[in-house]
Amino acid sequence: MIRLVVVAAAFLLACGAAEAARPDLAVVNQAQLSSDTAKCFSPAVLKAQILLDRARFSPGLIDGHLGKSFTKAISAFQTANGFPSDGKLTQETWDKLLATSASPVLITFGLTRKDVRGPFTKRIPARLERMARLSRLGYHNAAEKLAERFHSSEPLLQRFNPGIGLRKDRHEVAGP
């Protein structure tokens, strides 16, 4: 238990209290570009990742964090739109990204039985030779299935949907 408290305290110090708090859909949907490019979760980076993904410029795993895939996607988007291609999220790039979609980046939706239905693969071997022997290569669970569907990380889905087991069809979850 002490280890968890220390890890949580270190997390708060490294990323600030906003990082540990449950993000709000409205905060992300209304996020604006800021000069803060911390390595911690950023609503503006999450919004940019989703908009890049919608515009068919894959930012990699959608998680709200800066990364190499995000920088490459920004650079490709800038090139495609005639901007200087430096891979940095400038105000000009941000404005063009916002113009690509009028829809909110995050929404809530109700899960159906199909969304959470398996079958799921309990154990997936690490070696490709053993994977080839499986009758099918499936997901471990419903959270992994949904995260893949939305190109997002499982921790991001859990962050926006704390306490939801993703096993019943009566839940609403938030996601890109």
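Up top is the structure these notes are about.
First, a word on scope: everything that follows refers to the structure included in this document. The structure presented is a predicted model; accordingly, all values stated were derived computationally and were not measured. Every chain's residues receive numbers from 1 upward, in the order its sequence appears when written. Totals for whole chains, interfaces and linings use all residues, but because this is a predicted model, local features are given only for residues with pLDDT of at least 70 and pairs of side-chain atoms are given and counted only at 80 or more. To get the side-chain values, all heavy atoms of the structure are used, and hydrogens and water are removed first.

**Details of the overall build of the protein chain**
Working definition: helices are DSSP H or I runs of at least four residues, strands are E runs of at least two. Numbering for both runs from the N terminus. Along the backbone of the protein chain there are 10 helices and two strands. Taken from the N to the C terminus, the helices and strands of the protein chain come in the order α-α-α-α-α-α-β-α-α-α-α-β. Burial classification: accessible surface area is computed with a 1.4 Å probe over protein chains only, and a residue below 20% of its type maximum counts as buried, one above 50% as exposed, and the rest as partly exposed. The buried share among the 176 residues of the protein chain stands at 34%. The contacts in the protein chain between residues at least 6 apart in sequence include a share of 49% that link residues at least 24 apart. Carbon and sulfur atoms make up 56% of the accessible area of the protein chain, which totals about 11,200 Å². Working rule for contacts: check all heavy atoms of both residues, and any pair within 4.5 Å makes them a contact. For the area figures, the Shrake-Rupley method with a 1.4 Å probe applies, and any residue is considered shielded solely by the protein chains shown.

**Remarks on unusual backbone geometry**
With omega at 10°, the peptide bond leading from Gly118 into Pro119 counts as cis. Along the polypeptide, Pro119 turns up in the loop between α7 (113–116) and α8 (128–131).

Function cannot be inferred from these measures alone, as they are strictly geometric.
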